[in-house]
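Residues per chain, in single letters:
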Amino acid sequence: MIRVRILRLGLVCAATVVLELLCRVGIIDRLTMIPPSEMMRALAGVVATAPWFWPDVTYTLGNLVAAIGLSVLGGFLIGVVVHAIPRLRRVLDPIFTSYYAVPTFVLYPLLIVFFGIGPTSLIVLGALFGIVAMIVATVTAIDRIPRVLLKVARVSRLGSVRTALLLKLPAASPHLMTGLRLAVAYSVIGIIAGEFILSTEGIGRRVALAYNNFDNATMYALLVLILAFAMALNAALGAFEQALHRRWYRS
Amino acid sequence: MTARARVLDYVCLVAGLWLAWVLVFRWAGPEALSPPGATLQRMGEYLTSAQFWPHAAATGLAFAYACVIALIGGLLLGLALGANRLAGEVGEPILSSLYSIPKITLYPVILLVFGLGVSAKVAFGALHGIFPVALFAIGALRNTNPVLIKTARVLRLAPVETARTVLLPAALPEIVTGLRIGFSATLLGTLIGELFASDQGLGFMLIRAMEAHKVLDIMALTLLLFAFAASANALLLVVERRVHRQ
Amino acid sequence: MAKAALRRETAAAMPGRATAFSDTHVALRGISHTYPARAGHGAVAALGPLDFDFRRGEFVGVVGPSGCGKSTLLDIIAGLLVPTSGTIEMDGRAITGTVAQGVGVVFQEDATFAWLNVWDNVAFGLRRAGVAPAEIVRRVDYALAFMGLAEFRRAYPSQLSGGMRQRVCIARTLVLQPRLILLDEPFGALDQQTRLLMGEELLRLWRETAATVMLITHALDEAALLSDRVAVMSARPGRLIDVVTTGWPRERDSALVADPAFGALTSRLWALLREESRKALGVR
């Protein structure tokens, strides 16, 4: 177990070192990529000195939180409704199965026409990206609630609200957690992509600007930040999800 | 589930979508949307026009290349990591983290590395598809029911024979799922890659329409892309379900 | 008790039946096994030390409380696991980590290949062993008929019940004409009535193949009914507490449950196991 962790760490470090060397020696030229060490330095510089950094981070994070909230809560509610009406579930099933196979991002211009350029269309885009993952996960989660628990609830004469809160919700939590993790991941993609394409503020916008201005230092610095953030978030949620699955489905 | 009920469900779905479309059009106006009838007509025009098909072919070619890399590369990677216990334990979390990266973030890097052109599209597409294929293949091999391995040992099969006649058939359903998801992801990646990296292809056509504010064109192209992606996915699902039925 | 003695005498008088199993097929000496420490828990002393002789052609039942190492024992005899100490010999030859020829194993879990139909499942081992096609057809058809699976030859395992799937696994073992058949709680997931019927089929199989059979079961009555001898194991680490000889005739079936000797045997097994089971429950 420890050996595996060390090997993995070693692999990642080795890859970084190789990249660093390739950049420094010039095999990868500066116009394409700057050495990782410089990326970190640039990042430190941007965080410390760039006047736009904190406002843009706040903007992006704010949009992200809103999009996540919308997709998770909306997805959960819609999922509950869809599960409760089997006919609806069957009719909508083709949409759910093909949703992530179609290029949803092309709806973005449409959203801009509706909501104008600004945080609202970004939030809606992010939420639209993530909501179906949450819907599908919710439906699956409710499916997987062991029937016998519902019988226990009825025998114990718990009302429907207490059954839902005390029994159904905890029993569904592992799969709901999966949905949460996916909704978050997709919302991040939606927000960042939206900011890339068409936005006046936000970290995504800054990356696009840096790219257009050939400012590789800033661009890579911000990319590293986004990547680290996304990976950390996913890892944290994933660990939580694993813990829930283990507690409920220990095999 | 009778076939009749299923057809009825589909009719309901299509009717519902059409209705929603019309309502939104009524509410938002022709600046935002084009009505269903006109959009379908424009789609027909595209499919029969001479200018459309070279673009479609360009996209198709890039997609094909990306698919080959993603599916075959992903399979090789996944099978190698899945077969070796240590390699799998070390590599799978790395692949999983890479999969969770919003790949759109790497788009500028891809453009810098590959320049503007076909290779950027292909690279971006392959980047999207390779991870699910590999991850599902690893999962398929690692989740092999231990009793099957024991059975192979009791039957005194050589390792290669065990892999060929027991492990691979047992892992096939999950591998096929990975291939399906990888296929869809590669398609999306190729289309996104086309948006800014190309002067050919359907993504390029889309960007042009967006810049010119030609709502009808945008919607017609979008619907074409949706239709293609959805049908390809549905087809693959049928294949997948047949493999899983066993 | 008198009736059992009478039974033994009449059995001895039956023509063509070996009353005493004299020839040693598999010999276990000082077998013990400790699973190494892994992440989360320390080393586990699972089994032994254990001495036992399987005599050729006999039917041995193995019972014991949960976790006593029965499955570990089966893995060792099959050659799937190398014991941390002790020796095991089959026909005088040592077994170490490879499965000897002529050993068939039926596992507790469903080991059917989901991607092959029943016929191909049963034929699988023969095909891999390079047996001639005509011979394969002959043996598979016979095994399917024997196990009552003939009409399901084209069905896939997913279309069959758990009991049927186990029959497929048994048929797959049968076609290889094994001389040693090991079964690890093969009927564990089945209901009592099906178990009784499957037990009878197992006895038919045993008589047909004249193989040495070891059946691990947690059902004392099953062990008492089917076996020539029952090995009783203690709680973990599993050791032999006692070996009970049943003295049943070779031609036996489930009607034996009416015999008072059967009840006496079962209660004797329980008397031996009661304390051990308590221990196992407490330990868990």
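Note that the coordinates shown come from a computational prediction; the quantities given were computed from them, not determined experimentally. (Residues numbered from 1 in each chain as written. Chains lettered and ligands numbered in written order. Predicted model: local features only at pLDDT ≥ 70, side-chain atom pairs only at ≥ 80, totals over all residues. Heavy atoms only, no water.)

*Asks:* Is there a simple way to explain the overall build of chain B in this structure?
*Replies:* Along the backbone of chain B there are ten helices and zero strands. The N-to-C order of helical and strand elements in chain B reads α-α-α-α-α-α-α-α-α-α. Seen through its C-alpha atoms, chain B measures out along the principal axes to roughly 70 × 55 × 30 Å. Partitioning the intrachain contacts of chain B with sequence separation of at least 6 by distance along the chain shows that 75% fall at a separation of at least 24. As displayed, chain B has an accessible area near 11900 Å², and 70% of this comes from carbon and sulfur atoms. Side chains of chain B give 18 positive and 12 negative charges; the mean places of these two sets differ by 12 Å. (Helix = DSSP H or I, 4+ residues; strand = E, 2+ residues; numbered from the N terminus. Contact = heavy atoms within 4.5 Å. Areas by Shrake-Rupley, 256 points an atom, 1.4 Å probe, with all protein chains shown as cover. Lys, Arg positive; Asp, Glu negative; His and termini not counted. Charge placed at Lys NZ, Arg CZ, Asp CG, Glu CD.)

*Asks:* Help me understand the pairing of strand S7 (residues 180-184) of chain C in this model?
*Replies:* Taken residue by residue, a regular strand's side chains alternate between the two faces of the sheet. Residue and element names in this part refer to chain C. For S7, the buried fraction is high: five of the five residues fall into the buried class. Residues Leu180, Leu182 and Asp184 line one face of S7 and the alternating positions Ile181 and Leu183 line the opposite face, and both faces are buried. Note: strand S6 (residues 103-106) against S7, four bridges, orientation parallel. What sits directly across from Val103, in S7, is Leu180. Pairing geometry for S7 and strand S8 (residues 212-216), over five bridges, is parallel. Within S8, the position partnered with Leu180 by the bridge is Thr212. As for the winding sense of the linkage, the β-α-β connection from S7 through helix H6 (residues 192-209) to S8 is right-handed. (Buried < 20%, exposed > 50% of the residue type's maximum accessible area, 1.4 Å probe, protein only. Pairing = 2+ DSSP bridges. Right-handed = clockwise from strand over helix to strand, strands pointing away.)

*Asks:* Would you mind going over the interface of chain B and chain A with me for this structure?
*Replies:* Interface size is commonly expressed as the accessible surface area that is lost when the partners come together. Counting residues at the interface gives 45 residues for chain B, matched by 45 residues for chain A. The junction of chain B with chain A conceals about 3900 Å² of combined surface from both sides, 81% of it contributed by carbon and sulfur atoms. Its salt-bridge partner being Arg90 of chain A, residue Asp9 of chain B comes within 3.0 Å of it at the nearest N-O pair. Summed over the shared surface of chain B and chain A, the result is six residue pairs in polar contact (both at pLDDT 80 or more). Elements represented by at least two residues in the side of chain B that touches chain A include exactly helix H1 (3-28), helix H4 (85-100), helix H5 (107-114), helix H8 (159-197), helix H9 (202-211) and helix H10 (215-245) of chain B. (Buried area = accessible area lost by both parts, 1.4 Å probe. Salt bridge = Lys/Arg side-chain N within 4 Å of Asp/Glu carboxyl O. Polar contact = N/O pair within 3.5 Å; in protein donor to acceptor, adjacent residues only side chain to side chain.)

*Asks:* Would you take a moment to explain the confidence of the model for chain A for this structure?
*Replies:* Regions with low pLDDT carry predicted coordinates that are not meant to be interpreted in detail. Confidence in the prediction for chain A averages 89 pLDDT; 99% of positions are at 70 or higher. Here helix H5 (residues 108-115) of chain A stands out as the least confident element of chain A, with mean pLDDT 76; helix H3 (residues 53-84) of chain A is the most confident, with 95. (pLDDT = per-residue confidence, 0-100.)

*Asks:* Sorry if this is basic, but what is going on with the side chain of Asp75 of chain C here?
*Replies:* Within the element layout of this structure, Asp75 of chain C appears in helix H2 (residues 70-78). Take Asp75 of chain C: its relative accessible area is 10%, and that puts it in the buried class. Every residue in contact with Asp75 of chain C, bar those within four places of it in the chain, is listed here: Lys150 of chain B together with Leu80 and Leu81 of chain C.

*Asks:* Before we go on, may I ask you to explain the sheet that holds strand S2 (residues 44-55) of chain C in this structure?
*Replies:* The pairing of strands in a sheet comes from backbone hydrogen bonds and takes either a parallel or an antiparallel form. Residue and element names in this part refer to chain C. With respect to topology, four strands assemble into an open sheet ordered S2-S1-S4-S5, the strand pairing being antiparallel. A single partner strand is all that each edge strand has here, and the edge strands are S2 and strand S5 (93-94). Relative to strand S4 (residues 85-90), strand S1 (residues 24-35) runs antiparallel, the two sharing five bridges. Note on S4: the bridge partner recorded for Ser32 is Ser85. Together, S1, S2 and S4 form the strand contacts of H2, whose direction differs from that of S1 by roughly 125 degrees. (Axes fitted to C-alpha atoms, helices over the stretch in contact; angles between N-to-C directions.)

*Asks:* I tried to follow the arrangement of the chains on my own but got confused; where do I start?
*Replies:* Inter-chain contacts occur across two pairs of chains; the most extensive set of contacts lies between chains A and B. Over all C-alpha pairs, chain A and chain C never come within contact, reaching a minimum spacing of 7 Å.

*Asks:* Would you take a moment to explain the packing of helix H8 (residues 160-197) of chain A against helix H9 (residues 203-212) of chain A for this structure?
*Replies:* Angle between the axes and distance between the axes: these two values describe a pair of packed helices. All names here are of chain A. Between H8 and H9, whose axes approach to 7 Å, the crossing angle comes to 45 degrees. With respect to H9, the element H8 is oriented oblique. The crossing of H8 and H9 is right-handed. Only Ile203, Gly204, Arg205, Val207 and Ala208 of H9 make contact with H8, whose side of the interface consists of Ile192, Glu195 and Phe196. The class makeup of the residues in the contact of H8 with H9 is five nonpolar, one polar and two charged. (Parallel < 35°, antiparallel > 145°, perpendicular 65-115°, else oblique. Left-handed = near helix turned anticlockwise from the far one by under 90°. Nonpolar A, V, L, I, M, F, W, Y, C, P; charged D, E, K, R; others polar.)

*Asks:* Please clarify how H6 of chain C should be interpreted in this entry.
*Replies:* An α-helix turns once per 3.6 residues; consequently, residues spaced three or four apart project the same way. Residues and elements named next belong to chain C. Between its first and last C-alpha atoms H6 spans 25 Å; for 18 residues at 1.5 Å apiece the expected length is 26 Å, and the two agree. Residues of H6 that are buried: Arg195, Met198, Gly199, Glu201, Leu202, Leu203, Leu205 and Trp206. On its buried side, H6 packs onto strand S3 (59-63), helix H4 (133-146), helix H5 (162-174), S7, S8 and helix H7 (220-226). For H6, the N-terminal cap is Asp191; the gap from its side-chain oxygen to the backbone nitrogen of Gln193 is 3.3 Å. (Expected span 1.5 Å × (residues − 1).)

*Asks:* What exactly am I supposed to notice about the packing of H3 of chain A against H8 of chain A here?
*Replies:* Residues and elements named next belong to chain A. Relative orientation of the contacting elements H3 and H8 amounts to 140 degrees, with a least axis distance of 9 Å. Classed by the angle they form, the pair H3 and H8 counts as oblique. In the crossing of H3 with H8, the sense of the turn from one axis to the other is right-handed. Contact residues: Tyr59, Thr60, Asn63, Leu64, Ala67, Ile68, Ser71, Val72 and Phe76 in H3; Leu169, Leu176, Leu180, Ala183, Val184, Ser187, Val188, Ile191 and Glu195 in H8.

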